[in-house]
Amino acid sequence: MTVVRISDDALAIACGADDVADAFAKAGCSVERVSSWGMQWLEPLAEIDGMGFGPLEASDIARVLDGTSAKAIGRIEEHPFIAKQQRFTFARAGKTRPLSLDDYAVNGGWQGLAKAREIGGQATIAQVTESGLRGRGGAGFPAGIKWTTVANALADQKYIVCNADEGDSATFADRMVMEGDPFMLIEGMAIAGLAVGASKGYVYIRSEYPHAIAKMEAAVRASAHIVTPFVAEVRVGAGAYVCGEETSLLNSLEGKRGEVRAKPPLPALEGLFGKPTVVNNVLTLAAVPWIMANGAAAYAAVGFGRSKGTMPIQLAGNVKHGGLFEIGFGVTLGELVMTIGGGTESGRPVRAVQVGGPLGAYHPPAEFHLPFDYEAFAANDGLIGHAGLTVFDDTADMSAQARFAMNFCAVESCGKCTPCRIGSTRGVELIDRIRARSGRAADKVETLPQMHNARRAPRSLGDEIALLEDLCETMKFGSLCALGGFTPYPVLSALRHWPEDFGA
Amino acid sequence: MERLEQIIASHAGREGPLLPILHDVQAEWGHVSEDAIRAIASALNLSRADVHGVVSFYHDFHEAPEPHAVVKLCRAEACQARGVEALVAALPDYPRVKVEAIYCLGLCSVGPNAMIGSKVHARLDAGKLGALMETLA
Ligand SMILES: Cc1cc2nc3c(=O)[nH]c(=O)nc-3n(C[C@H](O)[C@H](O)[C@H](O)COP(=O)(O)O)c2cc1C
Ligand code: SF4
Ligand code: FES
């Protein structure tokens, strides 16, 4: 019988994978639901004897089965999008059934945990430290240092908290780990627990990810006997972007409003319920089993400068070959967008690429030489964040994007500090006034003369722009967390590189 | 009320049970009523203001029922780059369907995307989105 492998991740399903799977089953094939290869522009993608077909609709399958389909893409493993990658974290992607303990064990699963059990907590932390692994959630803080702090803290109870809030636009690698290889994340958490002396772990998943929640809950149940005495539990967020911030996430887990806590104390010392807590991103924890199984040196051998190992990069927006591309740090932005991503899907020129989600800067093609690396982006007024890339073509209106960034901050602010809570709303007003002068979206602009505190003479455009820059500085330096502190990145980068969209 | 007590009891012994309880209540009745807030507060030994503060902080929880079917349409950057704003401008008006903004469903290379209940829909255009709304109207 013909065996057909089709992903059951949320993206494949949203693109119609269930219908395609049903059609193959009705045609007498044996259908296996596996994780996704990450070639998302080809979803739903079917694999038969290693050969790929996509993007499929149910009506395509007769031709797939009789060998005349125009949607054949050849051997999947040899496809350039796959062959060019260095897959550590996503080594099993596309190959295993997500909830099969057998598939996981046969393909290298639990080897890292076995190693950690063999060498003990201290040596495990040493491995993670030597690997150079930095937090993948955005800030890039060394995982080994965080773990050492928690390990050295004295307490009756410690926690591992996996940050699976993944609220940034253009990011989906956490989701793909949870939906495609959930045991890997549980193994990473169990290793972290062993290393620092934490018996309990929480995975905090955003409510926008119902498929990931279901898979993780099933995986936690199925693997409980393997990771014991470590106990993992899934918790569901409630639709607040700021709950991705680690202290806000802890408040949310405790059942409080997701307001950011001032640091210090660090969560490593006083975290969940006041106990020492490791808070790490999904990709950070998911990298650990590989590091333990293959050794710190093998991981650190890949990368660029102080950015060691691989990064699962997420190509999204108006891009021809959108999907997940894991590779060592150091690949240039231009290679990612133009060569790997194939440029825009619309076929029009690229105008801007936002890197790092709603708090990340917009980069023009003139910056395509930038190597993908924490320091290189920071030195260029940008950030790599969770490594999501959003490609825009030349129809993008960059002052509208700046307005969106400010408004997003206003909608999602936790409200704790003034520069963010008030500044973001003032920022939206300012950008609206600036846009109105260039004839854009005038309907959204308040008419100043009716305001009791309005100026007699309107400011000049130059003054308005200077005011916006000033406001951004205040938000940057006066905000308690990166929501208010980094919103200036998309705003100022749009203003700097595309002044014409602000009428300047 | 009996069902509410069941829900609260099913989370007894959990650390930080408030959000899981609120999720179950919201799923059962489509909102978190004044009565539910009172009962939850008393069961968890919190003030009603505390529980109200939490309910009102999170976008997922509502204190009043939503009479319409809800389509959560992603309006975040990657879906913008793929034309969601043009789609919004051309949205047909179905009186019994509410289109709500959501920020990212993690399907950012195949947008514009939407979620209805827990079902996700990708590569939407005016025709596909209109057809989805029609099924709810
Ligand atoms: C507004 C805001 C949102 C954030 N969202 C996330 C998120 O969704 N996922 C994540 O892992 N980190 C997020 N972070 C970063 C976390 O605060 C924290 O740095 C991270 O979870 C630490 O884990 P790591 O060291 O493994 O990266 C966010 C930070 C801010 C300020
Ligand atoms: S910057 Fe904004 S989100 Fe962060 S603590 Fe201040 S008000 Fe809250
Ligand atoms: S931006 Fe719309 S799904 Fe991510």
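Here goes a summary of the coordinates provided. (Residues numbered from 1 in each chain as written. Chains lettered and ligands numbered in written order. Predicted model: local features only at pLDDT ≥ 70, side-chain atom pairs only at ≥ 80, totals over all residues. Heavy atoms only, no water.)

**Overview of the sheet that holds strand S16 (residues 388-393) of chain A**
Residue and element names in this part refer to chain A.
Logical step 1: As summarised here, the arrangement of the 5 strands in space is S13-S12-S16-S14-S15, forming an open sheet in which the pairing is mixed. The open sheet terminates on both sides in strands that have one partner only, identified here as strand S13 (323-328) and strand S15 (362-363).
Logical step 2: Alignment of strand S14 (residues 350-355) against S16, held across 5 bridges, turns out to be antiparallel. In the strand pairing of S16, valine 350 is matched with aspartate 393.
Logical step 3: The sheet contacts of helix H14 (residues 333-340) involve strand S12 (310-317), S13, S14, S15 and S16, and relative to S14 the element is tilted by about 125°. (Pairing = 2+ DSSP bridges. Helix = DSSP H or I, 4+ residues; strand = E, 2+ residues; numbered from the N terminus. Contact = heavy atoms within 4.5 Å. Axes fitted to C-alpha atoms, helices over the stretch in contact; angles between N-to-C directions.)

**Let's talk about the interface of chain A and chain B**
Logical step 1: Across the contact, 64 residues belong to chain A and 37 residues belong to chain B.
Logical step 2: Carbon and sulfur atoms make up 55% of the surface buried where chain A meets chain B, a total of about 3600 Å² over both sides.
Logical step 3: Three residues stand out in chain A for area buried against chain B, namely Ala238, Arg257 and Phe404 of chain A, and they jointly supply 16% of the buried area on that side.
Logical step 4: There are 2 salt bridges connecting chain A and chain B.
Logical step 5: Across the pair arginine 82 of chain B and glutamate 345 of chain A runs a salt bridge, and its minimum N-O distance is 3.0 Å.
Logical step 6: Linking chain A to chain B there are 28 residue pairs in polar contact (both at pLDDT 80 or more).
Logical step 7: When residues of the side of chain A that touches chain B are traced back to their parent elements, those giving at least two are helix H1 (10-14), strand S7 (200-205), helix H10 (210-227), strand S8 (231-236), helix H11 (246-253), S12, S16 and helix H16 (398-412) of chain A. (Buried area = accessible area lost by both parts, 1.4 Å probe. Salt bridge = Lys/Arg side-chain N within 4 Å of Asp/Glu carboxyl O. Polar contact = N/O pair within 3.5 Å; in protein donor to acceptor, adjacent residues only side chain to side chain.)

**Some points on the packing of helix H2 (residues 18-29) of chain B against helix H3 (residues 34-44) of chain B**
All names here are of chain B.
Logical step 1: Direction vectors running N to C along H2 and H3 enclose 155°, while the axes themselves pass 12 Å from each other. Judged by the inter-axis angle, H2 sits roughly antiparallel to H3. The way H2 lies across H3 gives a crossing that is right-handed. Listed contacts from H3 to Leu18, Ile21, Leu22 and Val25 of H2 are Ala36, Ile40 and Leu44.
Logical step 2: Looking at the contact of H2 with H3 residue by residue, the class counts come to 7 nonpolar, no polar and no charged. (Parallel < 35°, antiparallel > 145°, perpendicular 65-115°, else oblique. Left-handed = near helix turned anticlockwise from the far one by under 90°. Nonpolar A, V, L, I, M, F, W, Y, C, P; charged D, E, K, R; others polar.)

**Section: the site of ligand 2**
Logical step 1: Taken together, 13 residues are adjacent to ligand 2, and Cys414, Lys416, Cys417, Cys420 and Cys481 of chain A come closest.
Logical step 2: Grouping the amino acids of the shell around ligand 2 by side-chain chemistry returns 8 nonpolar, 4 polar and 1 charged. (Near = heavy atom within 4 Å.)

**As for the site of ligand 1**
Residues and elements named next belong to chain A.
Logical step 1: Residues in contact with ligand 1 amount to 18 residues; listed here are only the nearest, Gly137, Asn163, Asn280, Asn281 and Thr284.
Logical step 2: A distance of 3.1 Å separates an oxygen atom of ligand 1 from a polar side-chain atom of lysine 146.
Logical step 3: At a separation of 2.8 Å, an oxygen atom of ligand 1 approaches a polar side-chain atom of asparagine 280.
Logical step 4: Burial of ligand 1 by the surrounding chains reaches 90%, relative to a free accessible area of 610 Å².
Logical step 5: Of all elements in the fold, only strand S9 (277-281) and helix H20 (482-486) reach the threshold of two or more residues within the shell around ligand 1.
Logical step 6: For the shell around ligand 1, the element with the highest residue contribution is S9, accounting for 3 residues. (Areas by Shrake-Rupley, 256 points an atom, 1.4 Å probe, with all protein chains shown as cover.)

**Notes on the nonpolar core**
Residues and elements named next belong to chain A.
Logical step 1: Membership of the largest hydrophobic core comes to 121 residues, with the highest contact counts inside it found for Trp147, Leu185, Ile205, Ile313, Phe372 and Leu389.
Logical step 2: Looking at this core, the element that brings in the most residues is helix H9 (residues 182-196), giving 10 residues.
Logical step 3: Residues within four places of leucine 185 in sequence aside, it is in contact with Cys162, Val177, Met178, Val203, Met216, Val282, Leu285 and Ala286. (Core = buried A, V, L, I, M, F, W, Y, C linked by side-chain atoms within 4.5 Å. Buried < 20%, exposed > 50% of the residue type's maximum accessible area, 1.4 Å probe, protein only.)

**Some words on the packing of aromatic side chains**
Residue and element names in this part refer to chain A.
Logical step 1: Counted under the stated rule, the structure contains 20 aromatic pairs over all chains.
Logical step 2: Between phenylalanine 329 and tyrosine 374, the ring centres sit 5.6 Å apart and the planes meet at 40°, which makes this aromatic pair tilted. Residue phenylalanine 329 is located in the loop between S13 and H14, and its partner tyrosine 374 is located in helix H15 (residues 374-379); the two are separated by 45 residues in the primary sequence. Accessibility classification places phenylalanine 329 together with tyrosine 374 in one group, the buried group.
Logical step 3: Considering the side-chain rings of phenylalanine 404 and phenylalanine 408, the 6.0 Å spacing of their centres and the 25° angle between planes classify their relative orientation as stacked. Residue phenylalanine 404 and its partner phenylalanine 408 are located together in helix H16, separated by 4 residues, close to a single helical turn. (Phe/Tyr/Trp six-rings, centres within 6.5 Å; stacked < 30°, edge-to-face > 60°.)

Interpretation in functional terms is not warranted from these geometric data alone.
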